[in-house]
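Breakdown of the fold
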Amino acid sequence: MDSQDWIDDFLATEPPRSKSLVVTIFGDSIVPHGGMVWLGSLIELLAPFGVNDRLLRTSVFRLAQEGWLGAQRDGRRSSYAITAPAMQRFAHAYRRIYAPLNHRWDGSWTLVINGDGALNAAQRSALRKELLWEGYGAIAPGIMGHPAAEAVVLDELLQRLDIAGKVFVVQGKALRQVCGRPLTDLLASGWDLSEVANAYRHFIRRFAPLAAMLGQPGCEFTPEQAFVMRTLVIHAYRRVQLHDPQLPLELLPAPWPGSQAYELARAIYLAVQGAAEQHIDAALQKEDAAAPAAAAAYFERFGGLN
């Protein structure tokens, strides 16, 4: 099996939805190059995935309606860029995807407490939804918690929902002087990791053959094929990883398949990213000769691409 055979088989058996694929390409490929792309370049980038012009236009139109993308016209040409509010969420999501796994835990938990009626029903629902997306678990009625929460991310979330100052946010550890239950017992009641673990295992089964093929001497691929493989591995990994509550590894069952999935995604990304960038640069520069090269932050992905 060569590179194109693997690509054809993947697209035939697990074709990504066009709208979700556009989000992946914006986050993985367009953001490092300034976050803006002309429609002609985007059409060229999506073509190898079987996404035609009409389907792409429908996808970007819906993303614009939902506030993810902003559209501009210059004569007969259209461009799309990630909106400022969406850029924050893109940056946070993709920071999670490319960051090394969290191996250490200091024993503390962050709790978000809402129980005194300061929030209305809509605000409570929105807060719960956003905290679940960030990996928090329901500890008790009105209490959501996480053992490795990022304070900056939580503050941005509360600000975005316009509820800053309306909930209690505390951080604490178990008291050693008191014979209480270990806080690790909260994992069983707050998180069901079985679906995430199974999704990671499926990712490993699907992409391990690709990593093996890329590791063979003499394996060849074009810049376009490299771009497609890079996009597909990030698209599939993103879909699993963003449902992962990002608990510290020492609290997870061993061996945790997320660790192997991360290393697999990293190995494939490193193998193809250079050639993939050639394809991205060429596609962007066809519509804009001054399209910027990838920013320095791009090369920090997966612990360093150089």
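Cut-off values and rules
- Residues numbered from 1 in each chain as written.
- Predicted model: local features only at pLDDT ≥ 70, side-chain atom pairs only at ≥ 80, totals over all residues.
- Heavy atoms only, no water.
- 1 Å grid on protein atoms, 1.4 Å probe; cavity = no way out; pocket = protein on both sides within 12 Å on 5 of 7 lines; lining within 4 Å.
- Points joined across faces, edges and corners; volume = space filled by probe spheres on them.
- Helix = DSSP H or I, 4+ residues; strand = E, 2+ residues; numbered from the N terminus.
- Nonpolar A, V, L, I, M, F, W, Y, C, P; charged D, E, K, R; others polar.
- Polar contact = N/O pair within 3.5 Å; in protein donor to acceptor, adjacent residues only side chain to side chain.
- Contact = heavy atoms within 4.5 Å.
- UniProt positions renumbered as here; feature names shortened; annotations may be inferred.
- Pairing = 2+ DSSP bridges.
- Buried < 20%, exposed > 50% of the residue type's maximum accessible area, 1.4 Å probe, protein only.
- Expected span 1.5 Å × (residues − 1).
- Core = buried A, V, L, I, M, F, W, Y, C linked by side-chain atoms within 4.5 Å.

**A short note on the layout of surface pockets**
- Empty space within the largest pocket amounts to approximately 1400 Å³.
- Every residue lining the largest pocket is counted, 42 residues in all, and those nearest its centre are Trp133, Arg238, Arg239, Leu242 and His243.
- The set of elements that each furnish at least two residues to the lining of the largest pocket consists of α2 (18-30), α5 (84-98), α6 (121-133), α9 (194-214) and α10 (223-241).
- Counting residues per element, the lining of the largest pocket draws most heavily on α9, at seven residues.
- Looking at the lining of the largest pocket residue by residue, the classes come out as 22 nonpolar, seven polar and 13 charged.

**What to know about the side chain of Ser29**
- If you trace the backbone, Ser29 turns up in helix α2.
- Polar side-chain contacts of Ser29 include one of 3.4 Å to the side chain of Arg230.
- In contact with Ser29, not counting residues within four places along its chain, are Thr24, Phe227, Arg230 and Ile280.

**Describing the UniProt feature "domain: Transcriptional repressor PaaX-like N-terminal" (unreviewed entry) in the protein**
- Residues annotated in UniProt with the feature "domain: Transcriptional repressor PaaX-like N-terminal" (unreviewed entry) correspond here to residues 17-84.
- Helix makes up 51% of residues 17-84 and strand 22%, whereas the separation of the span's terminal C-alpha atoms amounts to 24 Å.

**Observations regarding empty space enclosed by the protein**
- The final tally for this structure, using the stated rule, is one cavity of 30 Å³ or more.
- There is about 100 Å³ of room inside the largest cavity.
- Considering the residues around the largest cavity, the lining is formed by Gln88, Arg89, His92, Glu130, Trp133, Glu134, Val153, Glu156, Leu157 and Arg160.
- For the lining of the largest cavity, the elements supplying multiple residues, two or more each, are α5, α6 and α7 (151-160).
- A per-element tally of the lining of the largest cavity places α7 first, with four residues.
- Taken together, the residues of the lining of the largest cavity sort by class into three nonpolar, two polar and five charged.

**Quick word on the pairing of strand β4 (residues 109-113)**
- As defined by bridge partners, β4 adjoins strand β7 (residues 168-172) across five bridges and the pair is classed as antiparallel. The residue of β7 that forms the bridge with Val112 is Val169.
- Bridge count between β4 and strand β6 (residues 143-146): four bridges; the pairing is antiparallel. The partner of Leu111 across the bridge, within β6, is Gly145.

**A few points about the environment of Ala12**
- Along the chain, the position of Ala12 falls in helix α1 (residues 3-13).
- Take Ala12: its relative accessible area is 63%, and that puts it in the exposed class.

**Points about α5**
- With 15 residues, α5 extends 21 Å between its outermost C-alpha atoms, agreeing within 8% with the 21 Å of an ideal straight helix rising 1.5 Å per residue.
- Within α5, the full set of buried residues consists of Ala86, Phe90, His92, Ala93, Tyr94, Arg96, Ile97 and Tyr98.
- Looking at the buried positions of α5, the neighbouring elements they touch are α2, β3 (77-82), α6, α7, α10 and α11 (257-287).

**Description of the nonpolar core**
- Grouped together as the largest cluster of nonpolar side chains are 76 residues, with contacts concentrated most on Phe26, Leu46, Phe49, Phe203 and Phe207.
- It is α11 that provides the largest number of residues to this core, a total of 12 residues.
- Leave out the neighbours within four places in its chain, and Phe203 touches Val233, Ala236, Tyr237, Ala261, Leu264 and Ala265.
- Among the nonpolar cores identified, the runner-up in size contains 11 residues, and Leu119, Tyr136, Met144 and Leu154 belong to it.

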